[in-house]
Amino acid sequence: MKLRPEEITSILKSRIEQYDVETDLSEVGTVLQVGDGIARVHGLENCVSLERLEFEHGVVGIAFNLEEDNVGVALFGAWPLVKEGQPVRRTGEVMSVPVGEGMLGRVVDPLGNPLDGQGPIATTERRPLEFKAPGVIQRQPVNQPLQTGLKSIDAMIPIGRGQRELIIGDRGTGKTAVAVDTIINQKGGDVVCIYVAVGQKASTVAQVCEKLRDEGAMEYTIVISAPAQEAAPIKWMAPFAGAAMGEYFLYGGKNALVIYDDLSKHADSYRQLSLLLRRPPGREAFPGDVFYLHSRLLERSCRLSDALGGGSLTALPIIETQAGDIAAYIPTNVISITDGQIFLGSELFHSGVRPAINVGTSVSRVGGNAQSKAMKKVAGRLRLDLAQFRELEAFAQFGSELDPATQQALGRGERMVATLNQPQYQPWPFEEQVVAIYAGNNGYLDRVPVGLVPRFQEELRETLRSGGGVYEALRETNDLGEETVALLDAALAKFVEGFDIVEEKGLVG
């Protein structure tokens, strides 16, 4: 066999042209010091803030403090396995979480790993933990209601899509119950819900998940759990992961609701993280930017302009107070950021008012803009009437003889409180709420004993559901027009007459 030089030359030329050296240029640093879930790393000169760093044993870190000679890193995972002298690799990516429709119905940790034992989650998209909130031009006013199904909230402290409404109160006053009822009420609607549990007991989170499954609400809900036993970085990360998952739907032109339960524990975890990173402490040992921590989180909730798809992200942050002190540091911070607050009082809770809303200190700064016309008409004076009732109630304890007008006001106030009372996990549709409040406002309950008001309202619902066309008219028009009012008055008068007869028979028996 004869070798031809030109053949060899052409083969060598083609091989040289096709030759490609795969170079792996990665910046590697070294762990200087590690402890309490925090590592000091040397040699990452080009590292950026909140960059994802990789350690050995599958441990992941976020670059928090960028100092002259080292980087302060918060660690996630089995950080006790990280030792001094081990290598640390830059990824060149800012920390992000998996997002998408595949997350619905799942319980995950803030890193997006499943906790429910239902196998891996099929998602391809990721979003950064921190994302710049939309500017003024990119938003539109909040004017669409987000129904909670709770009569007292939808009537007096309405929540709109894109609003940030704070739920605040002492431990054990029903804050989580209000949030869970709101999630259940979105069944059959177009709102995706995200429940972020920060520093809660794992058993409490399990109970919430179980209830959501029982009510069929889990299919449109994502639960992010960072339980109490987790390290501070995971608890710090949880609300930002919730906001990122909500933004996937917001920028996709859909509607989402995110519940942060609760931001008091979130602030505590951030304080712990900051002190371990040797950041200077301020008031109550919180770092100086604890206000900015919550403002940049909550500002991401908004209603986008129609040009950007018109999606919305509504936030219900929860804050736990100590002995009803809403003037403390973290509560006042979050009150100043949000568009109103629902204050739950322990005294009201223990006296049997559910939900235990203190009308005097609760407010929605979006107000009637996020209410339907029908609800506006029936609930216009409700806040004022209830506030006056509470004052009269305090006054009546001292006065022995009361004039008929005061007695009537007290009687009607007691019946309205009984009307607004609502058992947990039983949200009411909008049209049923309107009729219940209308009946109380217009004197149809005046002859019904206070103890029988809940039964009156339940039987009224059943009667109107089976016929009369009142609920259908309200659903179609969203308004209390003259025809609807006439129809409603006739139905109520007929029902009250029948209800009295039933009660007399009951007393005789």
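Keep in mind that what you see is a predicted model, and the values were worked out from it rather than measured.

A.B. asks: Mind showing me how you'd approach the packing of aromatic side chains here?
C.D. replies: The way to describe two aromatic rings as a pair is by their centre distance and the angle between their planes. Tallying each qualifying case throughout the model produces eight aromatic pairs. Relative to Phe249, the ring of Tyr248 has its centre 5.1 Å away and its plane inclined at 85 degrees; by these criteria the two rings are edge-to-face. Exposure remark for Phe249: the relative accessible area of 1% places this residue in the buried category. Among the aromatic residues, those joined into a ring-pair cluster are Phe64, Trp236 and Phe240. Here the guanidinium or amino end of Arg271 rests over the ring plane of Phe286, the centre of that ring lying 4.1 Å away. The side chain of Arg354 reaches across the aromatic face of Phe349, ending 3.8 Å from its centre.

A.B. asks: Where do I start with the sheet that holds strand β3 (residues 51-54) in this structure?
C.D. replies: Pairing in this closed barrel of six strands is antiparallel, and the strands run β1-β2-β5-β4-β3-β6 around the ring. Each strand axis lies, on average, 45 degrees off the axis of its neighbour in the sheet, ignoring direction. Here three bridges tie β3 to strand β4 (residues 60-66), and the two strands are oriented antiparallel to one another. Bridge pairing in β4 links Glu54 to Val60. Strand contacts of helix α5 (residues 232-250): β4 and β5 (71-76), with the helix running at about 85 degrees to β5, the strand carrying the most contacts.

A.B. asks: Help me out: how do you make sense of the pairing of strand β13 (residues 255-261) in this one?
C.D. replies: Remark: a regular strand shows side chains that alternate across the two faces of the sheet. The element β13 is extensively covered by neighbouring structure, given that seven of its seven residues are classed as buried. Residues Asn255, Leu257, Ile259 and Asp261 of β13 are buried on one face, and the alternating residues Ala256, Val258 and Tyr260, pointing to the opposite face, are buried as well. Across seven bridges, the pairing between strand β11 (residues 191-198) and β13 is parallel. Residue pairing in the sheet places Ala197 in a bridge with Asp261 of β13. Sheet analysis places β13 next to strand β14 (residues 312-320), joined by seven bridges and oriented parallel. Paired with Asn255 across the two strands is Ser312, which belongs to β14.

Calculation rules
- Residues numbered from 1 in each chain as written.
- Predicted model: local features only at pLDDT ≥ 70, side-chain atom pairs only at ≥ 80, totals over all residues.
- Heavy atoms only, no water.
- Phe/Tyr/Trp six-rings, centres within 6.5 Å; stacked < 30°, edge-to-face > 60°.
- Buried < 20%, exposed > 50% of the residue type's maximum accessible area, 1.4 Å probe, protein only.
- Lys NZ or Arg CZ within 6 Å of the ring centre and 35° of its normal.
- Pairing = 2+ DSSP bridges.
- Helix = DSSP H or I, 4+ residues; strand = E, 2+ residues; numbered from the N terminus.
- Axes fitted to C-alpha atoms, helices over the stretch in contact; angles between N-to-C directions.
- Contact = heavy atoms within 4.5 Å.

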